[in-house]
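# Coordinate inspection notes
Chain by chain, the residues run as shown.
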Amino acid sequence: MTRVSRPHDWPLMDPAIFAGALLLYAFAMPLGLARVEGAPYVAAGITLDSSTQPTFWALLAVRVGQYLPFGDALLRANLVSAALCALAIALLSRLCLQACALLRPPTHARQEPRDFVHEPIAATGAALAAAFSLSTFDVGATSGSASATLVLLVAALLPGFALLRDHDHPAAGYLLAGLAGLSAGVDPVAGPLLWPPLVGLSIWSLRKGARWPLLAPLCFVAAAGASALACVATTSAPISLSKLISPVGRLAVSGIGEPWAAAVELADEVGVVGSLLAAIGIVVLATRAAALTAWLVLTVLTSLLFAHSAERLAVWAPTRAALPFAIAVTCVFACAGLLHVSSRLGRARVAATFALAAMVVLSPALDSGSSRRRTASPMRLLDHALLRAEVGSLVCPGTVEMDGLFHLARAQGLRPDLEIGRCGGR
């Protein structure tokens, strides 16, 4: 299997894509609350209240973002979410570049720097295709908890790639164990997607003679403990394992069935061109790295299961990160398929790669499925409700959405005279 050649790693690609994606989200994100379902998570981030949302690191990031010297609380929370999502896109571009390295010719073949110019073009196109999908934009601009989950999941794929290419890679193994442990303090969705690969790769590497799996449990426990202690020290919330495990069981039970709706939405988000190139990429990568392809395909299927569960339970974040994560992994396959098709054109491969990358980027932007349906003017609902409430009255929201809006108003210091009740909303 071909190793990644350092002279062709394109180190400036990641910061360039991060800056571009952040500018894209900053110019396109709403100035206020975009969706009513995200209100309780923004409110929890402003007040740093993890007692109701087990997404501590995302809440901490939103809280730190409140110290920015411009905008209101909602704009700052959106900007933090956009930065986290842009970081996930930058990591995805590096992941796509590693997938491109698997398709390189053997090391003994004659290779020159110009022979690899089309690789960053394909990786950039695949990463921007994921960034342009409206599901990813919803995560990036409306929910810091979901964007933090997306960063964690995409980052965990990088050491997974390294371990499948070299089982005796201690740094990658410890990093994967640490990210899996950190997920215990981030949200209850990243765990089911990270813990099984960690266990499987540890057993596989241990059977091949690697020694890093012997210390990986210590890294996992240390990361999980640090996350839990940081949550307790910052918010004074008690540690509760049931709070993290029960949502996973509820989602798993409710998700048993046929998540065809999520699969159709995935194909619609990626677009026709991206879906066709992803199918080609699966076949091409399977011939070069069967274990890696099987892991990524299983990851997509598991993510679709969680996305289907989120739709059935009307759960917002962090479960909403499942579909963008499936889109990201599918774009990795699309990058491999794009590179395979363009490499067949000889000297025209650079122009063909650029043209196909542009088509992959524009296809999901022009046709983005059910994500185009938005909840109109959620803050107008809150303003109308606050105007109707009498001074010093007990407010019964009536629905979960309105309850989140009222808690957001309390976090912003609006109408502190009102008391939020629980009559009918929970």
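## A few points about the overall build of the protein
Counting its secondary structure elements, the protein contains 18 helices and two strands. Going through the 426 residues of the protein one by one, you find that 53% of them count as buried. For the protein, the computed accessible surface area is about 19000 Å², with 67% contributed by carbon and sulfur atoms.

## Quick notes on the packing of helix 5 (residues 118–132) against helix 15 (residues 322–343)
At a minimum axis distance of 9 Å, the contact between helix 5 and helix 15 shows a crossing angle of 150 degrees. For the pair helix 5 and helix 15, the sense of crossing is right-handed. For the pair formed by helix 5 and helix 15, the contact residues are His 118, Glu 119, Ala 122, Ala 123, Ala 126, Ala 129 and Ala 130 on the first element and Ile 327, Ala 328, Cys 331, Cys 335, Leu 338, Leu 339 and Ser 342 on the second. A class-by-class count of the residues in the contact of helix 5 with helix 15 yields 11 nonpolar, two polar and one charged.

## Quick notes on the environment of Ala 328
Inspection of the secondary structure puts Ala 328 in helix 15. By relative accessible area, which is 7% here, Ala 328 ends up buried. Separated by 175 residues in the primary sequence, Ala 328 and Leu 153 have C-alpha atoms spaced 10.0 Å apart. Ignoring anything within four residues of it in the chain, the contact list for Ala 328 reads Leu 92 and Ala 130.

## Details of the packing of aromatic side chains
Within this structure, the stated rule accounts for two aromatic pairs. Ring plane angle 80 degrees and centroid distance 6.2 Å describe the contact between Trp 195 and Phe 220, whose orientation is recorded as edge-to-face. With Trp 195 in helix 9 (residues 190–207) and Phe 220 in helix 10 (residues 212–235), this residue pair connects regions lying 25 residues apart in the sequence. The exposure class of Trp 195 is partly exposed, given its relative accessible area of 36%.

## Regarding the packing of helix 4 (residues 73–102) against helix 5
A pair of packed helices can be characterised by two numbers: the angle between their axes and the separation between those axes. Where helix 4 contacts helix 5, the axes come no closer than 8 Å and their chain directions differ by 140 degrees. Put simply, helix 4 runs oblique to helix 5. Pair helix 4 / helix 5 crosses with right-handed handedness. Taken together, the residues of helix 5 that come into contact with helix 4 (itself represented by Ile 89, Leu 92, Ser 93, Cys 96, Leu 97 and Cys 100) are Glu 119, Pro 120, Ala 123, Ala 126, Ala 127, Ala 130 and Ala 131. Partitioning the contact of helix 4 with helix 5 into residue classes produces 11 nonpolar, one polar and one charged.

## Section: helix 13 (residues 272–288)
End to end, helix 13 covers 25 Å across 17 residues, agreeing with the expected 24 Å (1.5 Å per residue, within 8%). Here helix 13 has its buried residues at Gly 274, Leu 277, Ala 278, Gly 281, Val 284 and Leu 285. Across the axial projection of helix 13, the buried residues extend over an arc of 135 degrees, all falling on one side. Away from its buried face by more than 90 degrees, helix 13 exposes Val 272, Leu 276, Val 283 and Thr 287.

Basis of the calculations
- Residues numbered from 1 in each chain as written.
- Predicted model: local features only at pLDDT ≥ 70, side-chain atom pairs only at ≥ 80, totals over all residues.
- Heavy atoms only, no water.
- Helix = DSSP H or I, 4+ residues; strand = E, 2+ residues; numbered from the N terminus.
- Buried < 20%, exposed > 50% of the residue type's maximum accessible area, 1.4 Å probe, protein only.
- Areas by Shrake-Rupley, 256 points an atom, 1.4 Å probe, with all protein chains shown as cover.
- Axes fitted to C-alpha atoms, helices over the stretch in contact; angles between N-to-C directions.
- Left-handed = near helix turned anticlockwise from the far one by under 90°.
- Contact = heavy atoms within 4.5 Å.
- Nonpolar A, V, L, I, M, F, W, Y, C, P; charged D, E, K, R; others polar.
- Phe/Tyr/Trp six-rings, centres within 6.5 Å; stacked < 30°, edge-to-face > 60°.
- Parallel < 35°, antiparallel > 145°, perpendicular 65-115°, else oblique.
- Expected span 1.5 Å × (residues − 1).
- Arc of directions from axis to C-beta.

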